[in-house]
Amino acid sequence: MRAERRRQETGTLDARVPAPPGPGLNRHEVADRVERGLDNKVQDRSSRTLWEIFKANVLTLFNAIVGGSFLILLLLGRWQDALFGLAAAGNAVIGVVQEFRAKRSLDRLAILDAPQARVLRDGLPSVIPTAEVVRDDVLILRAGDQVTADAEVIESSGLEADESLLTGESDPVDKATGSEVLSGSLVVAGRGHARVVRVGAESFSSRMTADARRFSLVQSEIRNSLNRVLRWIAWAILPVAVLVAAGELQARGGWQSVTLDGAWVPAVVGVIASVIAMVPLGLVLLTSVAFAVGGLRLAAHKVLIQELAAVEGLARVDVLCLDKTGTLTEGGLRFDAVHQLLPEPPPGWEHALGWFASEPEANATARSMELAFEDDGGFRSVSYVPFSSARKWSGATFDAGTGNTSTWVLGAPDVLLAPGSGAGEQPAGKPASAGDAPDTAAAALHRAGDLAAGGLRTLLLAQASALPRQGTDDGALPAAVRPVALLTFREQPRPEAATTLEYFRAEGVTVKIISGDEPGTVAAIARRVGLTVPHGVDARTLPEDPERLAEVMEANTVFGRVSPHQKRDMVAALQRNGHTVAMTGDGVNDALALKTADLGIAVNSASPATKAVARLVLMDGRFDRLPEVVAEGRRVIANIERVSSLFLSKTAYAVAIASSFALLQWPFPFLPRQLSFTDGLTIGIPAFFLALMPNARRYRAGFLLRSLWFSVPAGLIVTASLIAVTAASTTAGPAPSAEDLRSAAVLTLSIVGLWILSAVARPLNAGRLGVLAAMAAALVVLLGVPLAQDFFILGWPPQPLLLAALGSGLGGGVLVEVLAWLHRRRFNDSPRETQAKAETAKE
């Protein structure tokens, strides 16, 4: 078929096209422009180098503290106390790998992907690499080409460009002489020549690429909260370390005694233990692991996570901005139906439609009729006027081989049936049919308007008397036009769009539809997928003032004729109002908005540039994957909030124990390895399982406040219990050895820590209860295993001290129960939350 030949012809570059008058640039002019830097080369670099990424994740204050402590313990021969170094190394590696992956995606981003350009040089057409195009080159453009640099059209023969990737407007744009074609746009019809006016970094596609390549991390409440806690700890580490060092010296007889008898080694170990205990290394590592596991789970549902923290993003979103084309709809037009206007249409009308659909210069709308109307080769055109956006119609005169000719036109109804167009007149030589009526033109125009109001695109097939001179571009219609049939085309909504939007409405997520298409069409599509919208807002009328723009965004749902930069401004306006915004899209025109949004989501059919800046990619393009992402994000956030209370409790009691024992001039009650023991049983191992368990609780802001409200008092309860058992040791008969005192402290901390674990894990289901029971059993077993006793320097303390430890631990447990009850009252769950917890408990 001719359409297939056309696609084959335009699939590769071919320099054999007619050249316009004038020779183009010569080789000396080209060399001069290259020397002046006026070529199309663009520096490929994202905002962060590998060294910058390494420095940001490895050369930090905390890594310096942890790494220095690790090296000191190794130099002292205390490698058993240096196990914390593994967690620190894991954090650094995950951070570097995560950011390097993001950098690599940004470096691959390219809006302009045409490898070659066709130009006129020294009077001859030439095919050259895109990077060698220079300013003032004459581009030779034809259907199927991607424009390689911004240029001004100097000759046009029905030239049309698809700028939807850049502007979001799906209709092809007519490019007459004097108009501008943008780099990155695609030529979809006609041919022409254009003189390059901007190249390299100045071109439209390069400026959009540069904006999209700006490095940034997804906004994560969890990560931001943890960073805030780490900053607070950074301020506390030095004064606490000094305080602990002073306490260790006094507890061991002062500076002179410590240096003479070698007691400075355990003193240094005690200081390091207090410092390391303050840093929640396990929480940072576990957060990254939870994100990674969430990413793997979503990958099984064909959702690609570009950045780990994006797993939590959609769970926090309260506004979802959707692009129409490729998101709500499948992209492209589909032929819908024929609406005959005459009871007995003239013979040959179906063959005429088949010819228009398969014509090599047909536009995308006409080509969508190929499956419905096949060109059998029986019609031979003797005169043809190609379609153009300026003319809005095309026409052909056919000879069926019998010597009789027929003329047909296909175009916009409002143009073909305009007053004075000759619409409704009988074409010369054509007998009137019984069904013809003088108001056929008016009725056809009215019916076309009704169809368009329903979101359908309409074309009119009409019979005509004769065509203007072939090649005429003045838009003159034939002398007589007889309406025969209306043809409707529709954008096909994605089958899952309506149910997915209903899900988000039920979850309290506001939906905004932002498109480059005509507002009425966008509103009609929105109504077809279940949204109640009376009309769409033309973005060309939107205010530039950010405050007024924010008000308009709050009050409306559908926006059309939106430019790429307007999309970005609209997302920013919603964020200014305190919303957490997700943006979906597939075109380059969406890239800036996706990057600005709190969470950018691309579909599988998106351009490479859009996928590069998106945080999530729906690999199978199914819009109904988003609820699965929401559920996974909720699981991650709720579980990390749960386990963060464990880790932050440890930070709280580490600071409190270090400070209080130093002020009381008591030695720090633990060795680093012993803290690793208690951390593993009461925090690390159970937290790993808790972080991966189901959790359907709906997201609520204030993650850090709720965690600290529980963890800080819990840390003080642990400290009070340890002070109690240490004070009791002085009245429990002979002074206990340092090993017995540490064993009692470990037992006390383990009991209160397990009680904190039980409070955090509630509501207890079979899985959580099993984890809790396993940790309690492991504590009893490890305290009785000789190998573990030798490694951790632990044992069962003497009976008086054992009873004191058990009493202090149980007393601390009672206080934890009171704290948990107060916490539930302070942050009372809604009925919906209570129901979600009940469902979780049944799992």
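Residues numbered from 1 in each chain as written. Predicted model: local features only at pLDDT ≥ 70, side-chain atom pairs only at ≥ 80, totals over all residues. Heavy atoms only, no water.

**Student:** Would you mind going over the overall build of the protein chain with me for this structure?
**Tutor:** Looking only at helices and strands, the protein chain has 31 helices and 21 strands in total. Looking at the protein chain residue by residue over its 843 residues, the buried ones come to 53%. Pairs at least 24 apart in sequence give 75% of the contacts found in the protein chain among residues at least 6 apart. Counting only carbon and sulfur atoms, one obtains 59% of the accessible surface of the protein chain, whose full area is about 34,800 Å². (Helix = DSSP H or I, 4+ residues; strand = E, 2+ residues; numbered from the N terminus. Buried < 20%, exposed > 50% of the residue type's maximum accessible area, 1.4 Å probe, protein only. Contact = heavy atoms within 4.5 Å. Areas by Shrake-Rupley, 256 points an atom, 1.4 Å probe, with all protein chains shown as cover.)

**Student:** In this structure, what is going on with helix α27 (residues 738–760)? I would like to understand it.
**Tutor:** Residues that lie three or four places apart on an α-helix share one face, since the helix turns once every 3.6 residues. Taking 1.5 Å of rise per residue, the 23 residues of α27 would be expected to cover 33 Å, and the 32 Å separating its terminal C-alpha atoms lies within 8% of that figure. The element α27 is extensively covered by neighbouring structure, given that 18 of its 23 residues are classed as buried. (Expected span 1.5 Å × (residues − 1).)

**Student:** Before we go on, may I ask you to explain the packing of helix α26 (residues 703–729) against helix α30 (residues 799–826) in this structure?
**Tutor:** Geometrically, a packed helix pair is captured by the angle between its two axes and the distance between the axes. It is the contact of α26 with α30, at a shortest axis distance of 9 Å, that shows an interaxial angle of 160°. Relative to α30, the element α26 lies roughly antiparallel. Crossing of α26 over α30 shows right-handed handedness. Judged by residue contacts, R706, W709, F710, P713, A714, I717, S721, A724, V725, A728 and S729 of α26 engage L801, A804, A805, S808, G812, L815, V816, L819, A820, L822, H823 and R826 from α30. Grouping the constituent residues of the contact of α26 with α30 by class yields 16 nonpolar, five polar and two charged. (Axes fitted to C-alpha atoms, helices over the stretch in contact; angles between N-to-C directions. Parallel < 35°, antiparallel > 145°, perpendicular 65-115°, else oblique. Left-handed = near helix turned anticlockwise from the far one by under 90°. Nonpolar A, V, L, I, M, F, W, Y, C, P; charged D, E, K, R; others polar.)

**Student:** What is the right way to read the environment of R527 from this model?
**Tutor:** Here R527 shows up in helix α19 (residues 519–528). Linking R527 and G455, residues 72 residues apart in sequence, is a C-alpha distance of 9.3 Å. Those residues in contact with R527 that sit more than four places away from it in its chain are A453, V533, P534 and H535. Engagement of the side chain of R527 in a polar contact is seen with the backbone oxygen of V533, the distance being 2.9 Å. (Polar contact = N/O pair within 3.5 Å; in protein donor to acceptor, adjacent residues only side chain to side chain.)

**Student:** Which parts of the structure should I look at to understand the pattern of salt bridges?
**Tutor:** Should their charged atoms come close, side chains of opposite charge can pair. Scanning the entire structure with this criterion turns up 13 salt bridges. Measuring nitrogen to oxygen at the nearest pair gives 2.7 Å for the salt bridge that ties D137 to R121. On the criterion of sequence distance, the pair formed by D137 in the loop between β2 (124–129) and β3 (138–142) and R121 in strand β1 (residues 116–121) is long-range, its members being 16 residues apart. A single burial state applies to D137 and to R121, both of which are buried. The partner of E641 in a salt bridge is R706, and the shortest N-O contact between them spans 2.7 Å. Of the two residues, E641 sits in helix α24 (residues 626–663) while R706 sits in helix α26, which places them 65 residues apart along the sequence. Of the residues examined, E641 reaches a relative accessible area of 7% and is grouped as buried. We classify R706 as buried; its relative accessible area is 5%. One salt-bridge network, held together by shared partners, links D150, E180 and R198. (Salt bridge = Lys/Arg side-chain N within 4 Å of Asp/Glu carboxyl O.)

**Student:** Got a minute to help me understand the sheet that holds strand β18 (residues 558–560) in this structure?
**Tutor:** In any sheet, the strands associate via hydrogen bonds between backbone groups, in a parallel or an antiparallel arrangement. Taken together, the eight strands give an open sheet; going across it, the order is β8-β21-β20-β19-β9-β16-β18-β17, and neighbouring strands pair in mixed fashion. The sheet is open, and its two borders are formed by β8 (303–305) and β17 (537–538), each paired with just one other strand. Relative to β18, β17 runs parallel, the two sharing two bridges. If you follow V537 over to β18, its bridge partner there is F559. On top of the sheet, helix α21 (residues 564–576) reaches β9 (319–322), β16 (510–514), β18 and β19 (581–585); it is set at about 160° to β19, its chief contact. (Pairing = 2+ DSSP bridges.)

**Student:** Would you mind showing me how to read the pairing of β3 here?
**Tutor:** Burial within β3 is extensive, with five of its five residues counted as buried. Side chains of β3 alternate between two faces, with V138, I140 and R142 and L139 and L141 buried alike. In this sheet, β3 lies alongside β1 in antiparallel orientation, the contact comprising two bridges. By the bridge assignment for β3, V119 is matched with L139. As defined by bridge partners, β3 adjoins strand β7 (residues 186–198) across five bridges and the pair is classed as antiparallel. Considered in β7, the bridge of L139 is made with A194.

**Student:** Explain the nonpolar core here, please?
**Tutor:** General note: in soluble globular proteins, nonpolar side chains tend to be found buried as a group. In terms of nonpolar packing, the biggest core is built from 108 residues, with L314, F670 and I756 touching the most fellow members. Looking at this core, the element that brings in the most residues is α24, giving 15 residues. Grouped together as the second largest cluster of nonpolar side chains are 25 residues, C321, A539, M553 and A593 included. (Core = buried A, V, L, I, M, F, W, Y, C linked by side-chain atoms within 4.5 Å.)

Functional significance is not addressed by these values, which are geometric in nature.
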